[in-house]
Structures are given as structure tokens and as C-alpha cells.
Amino acid sequence: MEHELVVGLMGLGSLIILIALRIPIAFGMIIVGGIGVTVLNGPAIFLSQLKDLTYIQFSIYDLSVIPMFVLMGNLASRAGLSQELFRAANAWLGWARGGVAMSAIVACAGFGAVCGSSLATASTMGKVALPELEKYNYKPSLATGTLAAGGVLGILIPPSVVLVIYAILVEANIVTMFMAAFVPGIIAVVLFLLTIMIYVRVFPNSGPARDSIGRDQFWEATLGVLPVLLIFGCVIGGIFFGVFNPTPAAAVGVFLVGAYAIARGRISVIDLKFAGLDTAKTAGMIYLILLGAEMLKIFMARGGVPQAMAEMLGGSGLEPMMIMILLLLGLIILGCLMDSLSMILLAIPFFWPVIIDLDFGMSTEDLKIWFGILALIVVELGLITPPVGMNVFVISAMAKNVPMATIFKGVTPFFASEIARVVLILMFPGLVLWLPNLLGA
């Protein structure tokens, strides 16, 4: 085995140890990448990279969309958009058995479309919907499992920060990725609703219907959600139909959410200050992880680790679909250990060189789209998979009387529906590629 490859594999093992020791993933990647390049090429090369890499990495125009979408999500959370979404969904669906849980799923999808973050979606909708679910004596596993699972919708339904990062990593078109995510996102919502419908029929007392509401309340709730739908339509519709690119779209979204909040008197100067601070902290964390990932990628490329992995799997004699399944299983395992953004940044530089050398009967651009959506769905699974399951921890912090094991039990049916979605997209890539091809992206 070549010296460079040995050093690369040792670096990868060291990174896994640092992650296990709870060292922040950004610092772990910077440490391993810096030391690795120094060992392979000397300190002068590493210092030269430090001089140029930060500017080169952060001057990418497409990255400017990240703080804008994060700010839009922070403003939406403080402006009460989640309450409007849940009220409307509950007015439409709450009359049915399990209807309040189904309303939470629809509201999670709607808020995720404005927010773009799974953890923020789970946290915000948990505060709004959990008291209502408890009020109607929903089974604790169903109530908490629904909210933890509903939060994962924020990572795929556009706009999505993780989807933007993936597009930059594989040099895909961000607008095309947003289009490709739309149908799989709708499929996820439908499968989650079917999961709840089946669950409450198998366990009849787990999700009772709520009290009926009057026609005036119904129309008040419906009209209350129209501004949210308008904001979503302007941002996503503008991107889909080429009115503006993602970064201007995010700026439009920030303006519309801010204007709505101010017009309704739902946001103060203090709220604006903390929304800005939270955005700066989140964006700074994301950019630091991006820098660490780039340093690690350079080290691994110099060590030949991705190339060796591609050669090993390519020469294994396995069918391309079996290799794809193995890589997706690897992502699920990684999801048990780290957050979604770190997982994408760490895994894609290794997995993409393997995927691009396989013959799936489609163009490279279509392959980028198809694999990206599959990867993000599997990343979603990591948010509800033990032992980490970040969304489960978020909901557990709110439902202090519900044991963690009960919440993980509650997300199990939703996990099964996500696996069904992966199988569907593996078997029928057209579910992902149809909309981008239709709109000519």
C-alpha cells in the first residue's frame, strides 16, 4: 500500500476518533486536514493553503444564499408563521381520527418550506403542536414521534440549506436540485399522513379526533394562512419559473417575512436583533464546517482515499444498484453519529467519485440529481435514528414526561415509511427527474 494512502486512512481513522470524543466536526476536519497535508507535502503547502483557501471557499456567490435562508427561517419562527400553519391544517384535518397529528405533519411541511432547517422545524412546531396533541390525549409515542419525524421534512422540501451545500459540492444547479426535491417532499408528506391513518386504526385510542369547529373559525384559520402561502409561492415559484435565482429569492423571502411580521405587530426590535445574532452564529458554524470539509477533502485527495474507494467498489463485481444501496446504508450509519450537514460534507467527497464511475443508464447531471435526493432522504433518517437522532432530542427536551425510548418507538413507523420512499425513488428515478425535465431546468 502506498505511503500516501496509508497516511490518508490513518487520518480518516483519527477523524472518527475525534468525532467519538465529541470534538466539534469543523475543528476535527481542520485538524486532520491540516496535519495530513503537512505530513504529505510539508508545512509550506499547508500554510499556503491557509492563506488562500478561506477566501476562495467563502467568496463563492452561491454560498451567500445560506445566511439569507437561515435569517428567513429565524424571522418566520419569531413571526408566528408556525401557529398560522398549524391552525389552518388543524381546521382542515383535525376532525378526523389522528387529524391533529396529521395537521402537525402538514404544518411541519409548510414551515419547512419557509424555514429550510429540520431542527428549527422540529423545535418550532413542537412548541406549537405538542400542547394540542396532549390536550386531546394522543398516545405519547404517536404525539412525539409525529413531531420528531415531521421535522425531517425541513431538510428536503425547498428551500433547504443542506440541499444547497450538496449542489455546491457536486457542482449541480441549485435551482434544478430544488425542483427535483419537490415531488419527493410531497411523497414524504403523503406517506407520513398514511402512516398516521394506519396507526390510529391499528391502535384506535391513540389519536382521537378533536372537537368540531364552526364555519367562522374554519374560514378565519384558512384566511390566516394565506400570507404564508403567498410568501412560499413568491420564493419557490420565483425560483422555479426563473424570475430570480436562489440568493435574490432568499432576500425576497426575508423581506416578505419581515414585512408580514411587522405589519401584524408580531416582531420587535429585540426579536430582530436576536434573529440577526442567531443567523450569524448558524452561518458562521456552517462556513467553518465548509472550510474544514474543504481542507479534509484536499488531504484525502492527496492521500488517494476516494480514488482507492472507487477502485475497490468498482472492481468488486457488484451491480451498480447494490453499490448504491451499500453507500446509502453507510449514510444511515453515519447519521447515527453526526448531524446532517456534517454528514453530507464528510461523505459526499468519498461517495460521489464512486457513484460517477457507475453505469445507471443516465447522464451525469441526472445522476447528480438522483443521488443527491436519495442521499438527503437518508440523511433525514439520521435525524430520527438512535443513538443520536437530533430531532428526537429536540422533542424530548419539550416532552419531559415522555421517555426517550418512547419517542424512538414513536418514530419507528415513520422510519419505515421513509425506507419505502427510498425504495420508490431507487426503483423509479423519474419521480426525482420528472419536474426538472418538465420545467427545462
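Computed from a predicted structure; not experimentally measured.

With that out of the way, let us pick up the pattern of salt bridges. Under the criterion given, the structure shown has seven salt bridges. A salt bridge links Asp 278 to Arg 78; the shortest N-O distance between them is 2.8 Å. Note that Asp 278 is positioned in helix α14 (residues 269-303) and Arg 78 in helix α4 (residues 65-79), a separation of 200 residues in sequence. Residue Asp 278 is classed as partly exposed on the basis of its relative accessible area of 25%. Here Arg 421 and Glu 418 are joined by a salt bridge, their closest N and O atoms 2.8 Å apart. Of this pair, Arg 421 and Glu 418 both sit in helix α20 (residues 404-427), three residues apart, which is roughly one turn of that helix. Taking the relative accessible area as the measure of exposure, Glu 418 reaches 1% and is therefore buried. Connected via shared salt-bridge partners are Glu 84, Arg 87 and Glu 220.

Turning our eyes to something else, we now look at a nonpolar patch on the surface. A cluster of nonpolar residues, Ile 17, Leu 21, Ile 23, Phe 27, Ile 31, Ile 35, Val 39 and Leu 288, forms a patch on the protein surface that exposes about 710 Å² of accessible area. Here the nonpolar patch takes four residues from helix α2 (residues 25-41), the largest share from any one element. Inspection of the secondary structure puts Leu 288 in helix α14.

Between two aromatic rings, the relevant description is the distance of the centres plus the angle of the planes. Using the criterion set out here, one finds seven aromatic pairs in the structure. When the centroid spacing of 6.2 Å and the interplanar angle of 25° are considered together, the rings of Trp 352 and Phe 371 count as stacked. A residue pair is termed long-range when its members are at least 10 positions apart, and Trp 352 in helix α17 (residues 340-356) and Phe 371 in helix α18 (residues 364-382) qualify at 19 residues. For the pair formed by Trp 352 and Phe 371, the shared burial category is buried. Seen from the ring of Phe 203, Lys 139 lies directly overhead, with NZ or CZ sitting 4.4 Å from the centre. Its guanidinium or amino end placed over the ring of Phe 274, Lys 273 lies 5.7 Å from that ring's centre, counting from NZ or CZ.

What counts, and at which threshold
Every chain begins its residue count from 1, and numbering advances along the sequence as written. Totals for whole chains, interfaces and linings use all residues, but because this is a predicted model, local features are given only for residues with pLDDT of at least 70 and pairs of side-chain atoms are given and counted only at 80 or more. By convention in this description, side-chain values take in all heavy atoms of the structure and omit both hydrogens and water. A carboxyl oxygen of Asp or Glu within 4 Å of a side-chain nitrogen of Lys or Arg is what we treat as a salt bridge. Counting from the N terminus, the helices are DSSP H or I runs at least four residues long and the strands are E runs at least two residues long. Remark: exposure states derive from per-residue accessible area (1.4 Å probe, protein chains only) relative to the maximum for the residue type, with buried under 20%, exposed over 50%, and partly exposed in between. Residues enter patches when they are more than 30% accessible in relative terms and free of salt bridges; like-charged ones are connected within 9 Å and nonpolar ones (Val, Leu, Ile, Met, Phe, Trp, Tyr) within 5 Å. Surface accessibility in these figures is a Shrake-Rupley result with a 1.4 Å probe; residues are shielded only by whichever protein chains are displayed. Any two of the Phe, Tyr and Trp rings considered here, Trp counted by its six-membered ring, make a pair once their centres fall within 6.5 Å; the pair's planes then place it as stacked at under 30 degrees, edge-to-face at over 60, or tilted in between. Put simply, a charge is over a ring when the Lys NZ or the Arg CZ is close to the ring centre, within 6 Å, and near the line of the ring normal, within 35 degrees.

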